[in-house]
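# Structure assessment
If you want the building blocks of each chain, they are given just below.
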Amino acid sequence: MKKSALVIFVISLTLSAVFLILYATSTYGTGISPDSVGYIAVARNLADGNGFTDYQGNAFVIQPPLFPVALASIELFSGIDPEEGARFFNALVAACTVGLGGFVLLRFVRGPLVVLGGLAILFSTPQIAVSTYAWSEPLFNLLVLIFLTIIISHSRLGRREVVLLGFVTALACLTRYIGYSLVATGLILILIQRGGRTKLTNSLLFGIISVLPIGIWLIRNWILSSTLFGPRAPSQYSLLDNLYYTYSKISGWFLPDRLLPYRWIIFAVIAFGILGAAVYAFVYKKPTKAAFIREIVRSAQLSLFIMVYTIFLIVSSTTTAYDRIDTRLLSPISVPLIIVLVLVFDVALKWFENSKFRSSLASIIRISAIALFALWLLVVPTRDIVHSVRAKVDQGAGGYNSRSWQQSDTIKYLRTHLPQEDMAIYSNWAWIVFFSTGIQAKNAPKYHNSEKLADDLSTLEGKWPENPTSYLIYFDKERSGYFTVDELSTIADISLMIELSDGKIYTALPKQP
């Protein structure tokens, strides 16, 4: 295929990504989760001149600042509210990720694999999943890809490349705290280069540039909250749990459900096949050793980040409580992983084409290999994306912006019957109440460990609710970690005020001794 045709193809993929995200979020807008509410509230407060504060007026420390700053900037310069701004911003960022991934493949692999890899990136399940929510992952994933593109595009990292890497890494750290995985990756790659004094100077320069901005932010967090990353509870998941979740999610990106029980065997066959081809090429194909090393180095550089990020994620998820490891948290490695797979497959094809097979047989095997690779890389993701986009268009992108919440009778009631201003509001879905009505709701009491329910509940006796009279808005939609109304009734006087189709509203008073 001509290079000009491939360039047009990559540009078409980029434009398709914008359309895909905007189409998937066209029903009710971008997906909204608790993190989304935080980002949007902070962005609105920034645009209004109220600084880095959340919707309850507290200092924003739980996340880094770059994504809310981007949304606030959109509102200041265009007048677009951060919720709608997040939709367009993430569509644009997703398109940049697809376009950059396509041009990386265009530079390093041949035509058919550019098409295959580009489509795989466009239909990447993790990228679509995060880009249809008001989350910071799309921006972080783009910065990761820019970082890795700089790495694999230079055989040696000079001073200019180190400064640029440091700048990109600093932005990544200001987007998500796990950006320190890029700091570690960059330092490793710089330190393994030749040149003792130069590499030490470069590593120091890279470290200062990449860490200084987030360091200032963390000092600010400590001053305001006495924590670096906001209040964090211990994790409920063991190391083995997190290893299993990680492996299950990644394998689910490429394998149909019916093959998941055999994934160990499938991946073992693929790994041994790649290893065998590499050993054969390195030992017996002497004229290709230099090319072999260059290709392997690029794949190894990308793989290093994948390993470092995954290790950091598993360790942090084992020590600190946040969402269970899922597609969202693993999304930063999805595009690099696709590029690694395409690079390795391209090298394997080149080795095979230089083999002693008859040309006719070699051609048949080559075409068959590409077809099988395409089936493996595209069939499952494309099926999942088609299903996901249809569901998002029909039911909404997710979270609050989904049909079930948009048509909630409880939410409709709250919008027309605002509670008295001097009464505290509690809910098992406090962020939904705030985002849909503007009511400053607090979380209903939660327990920290299911084995200590009684202990957790007893500590609240006489302390909850804090106000003499409060409302408890309890939705029927289950949410783990919250005490039930019956359990709360043992420590407070709770009376039903109104029952709606999807929830109940109670009055809550401190229990009299």
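## A short note on the overall build of the protein
- Counting its secondary structure elements, the protein contains 21 helices and 7 strands.
- In the protein, 74% of the contacts between residues at least 6 apart in sequence involve partners at least 24 apart.
- On the protein, roughly 24,500 Å² of surface is accessible, and the fraction owed to carbon and sulfur atoms is 64%.

## Comments concerning the environment of arginine 328
- With respect to the helices, strands and loops of the structure, arginine 328 is situated in helix 14 (residues 327–330).
- Judged by its relative accessible area of 9%, arginine 328 is buried.
- Remark: the alpha-carbon pair of arginine 328 and alanine 129, spanning 199 residues in sequence, is separated by 7.1 Å.
- Within the local environment of arginine 328, its side chain forms a polar contact with the side chain of glutamate 137, the two groups lying 2.9 Å apart.

## Considering the sheet that holds strand 5 (residues 470–475)
- Pairing in this open sheet of 5 strands is mixed, and the strands run 4-3-5-7-6 from one edge to the other. The open sheet is flanked by strand 4 (442–443) and strand 6 (492–500), the only strands paired with a single partner.
- Pairing analysis gives 4 bridges linking strand 3 (residues 424–427) to strand 5, with the strands arranged parallel. Within strand 5, the position partnered with tyrosine 426 by the bridge is leucine 472.

## Here we look at the packing of aromatic side chains
- This structure, assessed with the given rule, holds 18 aromatic pairs.
- Pairing tyrosine 237 with tyrosine 245 gives two aromatic rings, centres 5.7 Å apart and planes at 90°, and the pair type is edge-to-face.
- Each member of the aromatic cluster is reached from another via a ring pair, and the members are Trp405, Trp429, Trp431 and Phe475.
- Just above the ring of tryptophan 135 sits the side chain of arginine 328; from NZ or CZ to the centre is 4.0 Å.
- Taking NZ or CZ as reference, lysine 477 lies 5.7 Å from the ring centre of tryptophan 429, over its face.

## Thoughts on the nonpolar core
- Ile32, Phe147, Phe305, Ile333, Ile339, Val342 and Leu377 are the most contacted members of the largest nonpolar core, which has 116 residues in total.
- With 11 residues, the top contributor of residues to this core is helix 7 (residues 137–152).

## Some thoughts on a nonpolar patch on the surface
- A cluster of nonpolar residues, Leu204, Ile208, Leu212 and Ile216, forms a patch on the protein surface that exposes about 410 Å² of accessible area.
- Mapped onto the elements of the fold, leucine 204 is located in helix 10 (residues 196–225).
- On the basis of relative accessible area, leucine 204 is assigned to the exposed category, the value being 54%.

## Some thoughts on helix 5 (residues 111–122)
- With 12 residues, helix 5 should cover 16 Å at 1.5 Å per step; its first-to-last C-alpha distance of 17 Å lies within 8% of that length.
- Most of helix 5 sits inside the fold, with 9 of its 12 residues counted as buried.
- Among the residues of helix 5, those classed as buried are Gly111, Leu113, Val114, Leu116, Gly117, Gly118, Ala120, Ile121 and Leu122.

## Thoughts on the pattern of salt bridges
- Throughout the structure, instances matching the rule amount to 13 salt bridges.
- Here arginine 328 and aspartate 35 are joined by a salt bridge, their closest N and O atoms 3.0 Å apart. Taken together, the residues arginine 328 in helix 14 and aspartate 35 in helix 2 (residues 34–47) connect sequence positions 293 residues apart.
- For aspartate 81, the salt bridge goes to arginine 44, with nearest N and O atoms at 2.8 Å. Of this pair, aspartate 81 sits in the loop between helix 3 (66–78) and helix 4 (82–108) while arginine 44 is found in helix 2, placing the two residues 37 residues apart along the sequence.

## Some points on the side chain of serine 33
- With respect to the secondary-structure elements, serine 33 resides in the loop between helix 1 (3–24) and helix 2.
- Side chain to side chain, serine 33 and tryptophan 135 meet in a polar contact 2.7 Å long.

## Examining unusual backbone geometry
- Note that the residue after tryptophan 464, namely proline 465, is joined by a cis bond; omega there is -5°.
- Tracing the backbone through its elements, the reader meets proline 465 in the loop between helix 20 (453–458) and strand 5.
- Although it is not a glycine, serine 226 adopts a positive phi angle of roughly 60°.
- Relative to the helices and strands, serine 226 resides in the loop between helix 10 and helix 11 (239–254).

## Section: the environment of leucine 200
- Along the chain, leucine 200 falls in helix 10.
- The class of leucine 200 is exposed, set by a relative accessible area of 53%.
- The spatial distance from the C-alpha of leucine 200 to the C-alpha of isoleucine 190 is 8.2 Å, given a sequence separation of 10 residues.

## What to know about the packing of helix 9 (residues 180–191) against helix 10
- Relative orientation of the contacting elements helix 9 and helix 10 amounts to 165°, with a least axis distance of 9 Å. What the angle tells us is that helix 9 and helix 10 run roughly antiparallel. Handedness of the crossing formed by helix 9 with helix 10: right-handed. Between helix 9 and helix 10, the residues in contact are Leu182, Val183, Gly186, Leu187, Ile190 and Leu191 and Lys199, Leu200, Asn202, Ser203, Phe206, Ser210 and Val211, respectively.
- Partitioning the contact of helix 9 with helix 10 into residue classes produces 8 nonpolar, 4 polar and 1 charged.

## Points about the packing of helix 4 against helix 7
- Where helix 4 contacts helix 7, the two axes come as close as 9 Å, and the packing angle between them is 20°. Judged by the angle between their axes, helix 4 and helix 7 are roughly parallel. Here helix 4 and helix 7 pass one another in a crossing that is left-handed. Within the contact between the two elements, helix 4 uses Phe89, Asn90, Val93, Cys96, Thr97, Leu100, Gly101, Val104 and Phe108 and helix 7 uses Pro138, Leu139, Leu142, Leu145, Ile146, Thr149 and Ile152.
- Here the residues of the contact of helix 4 with helix 7 are counted per class, giving 12 nonpolar, 4 polar and no charged.

## A short note on the confidence of the model for the protein
- Mean pLDDT over the protein works out to 86, with 87% of the residues at or above the 70 mark.
- Across the protein, element-level confidence peaks in helix 7 with a mean pLDDT of 97 and bottoms out in helix 12 (residues 263–284) with 60.

## A word on the pairing of strand 6
- Summarising the sheet, strand 6 and strand 7 (residues 503–510) pair through 8 bridges and their orientation is antiparallel. Of the residues in strand 7, the one forming a bridge with leucine 500 is glycine 503.
- The turn linking strand 6 back onto strand 7 is made up of 2 residues.

## Brief notes about the side chain of asparagine 45
- Here asparagine 45 lies in helix 2.
- When sequence neighbours within four positions are dropped, the list of residues in contact with asparagine 45 reads Asn50, Gly51, Thr53 and Asp54.

Calculation rules
Residues numbered from 1 in each chain as written. Predicted model: local features only at pLDDT ≥ 70, side-chain atom pairs only at ≥ 80, totals over all residues. Heavy atoms only, no water. Helix = DSSP H or I, 4+ residues; strand = E, 2+ residues; numbered from the N terminus. Contact = heavy atoms within 4.5 Å. Areas by Shrake-Rupley, 256 points an atom, 1.4 Å probe, with all protein chains shown as cover. Buried < 20%, exposed > 50% of the residue type's maximum accessible area, 1.4 Å probe, protein only. Polar contact = N/O pair within 3.5 Å; in protein donor to acceptor, adjacent residues only side chain to side chain. Pairing = 2+ DSSP bridges. Phe/Tyr/Trp six-rings, centres within 6.5 Å; stacked < 30°, edge-to-face > 60°. Lys NZ or Arg CZ within 6 Å of the ring centre and 35° of its normal. Core = buried A, V, L, I, M, F, W, Y, C linked by side-chain atoms within 4.5 Å. Patch = residues over 30% accessible without salt bridge, like charges linked within 9 Å, V, L, I, M, F, W, Y side chains within 5 Å. Salt bridge = Lys/Arg side-chain N within 4 Å of Asp/Glu carboxyl O. Expected span 1.5 Å × (residues − 1). Axes fitted to C-alpha atoms, helices over the stretch in contact; angles between N-to-C directions. Parallel < 35°, antiparallel > 145°, perpendicular 65-115°, else oblique. Left-handed = near helix turned anticlockwise from the far one by under 90°. Nonpolar A, V, L, I, M, F, W, Y, C, P; charged D, E, K, R; others polar. pLDDT = per-residue confidence, 0-100.

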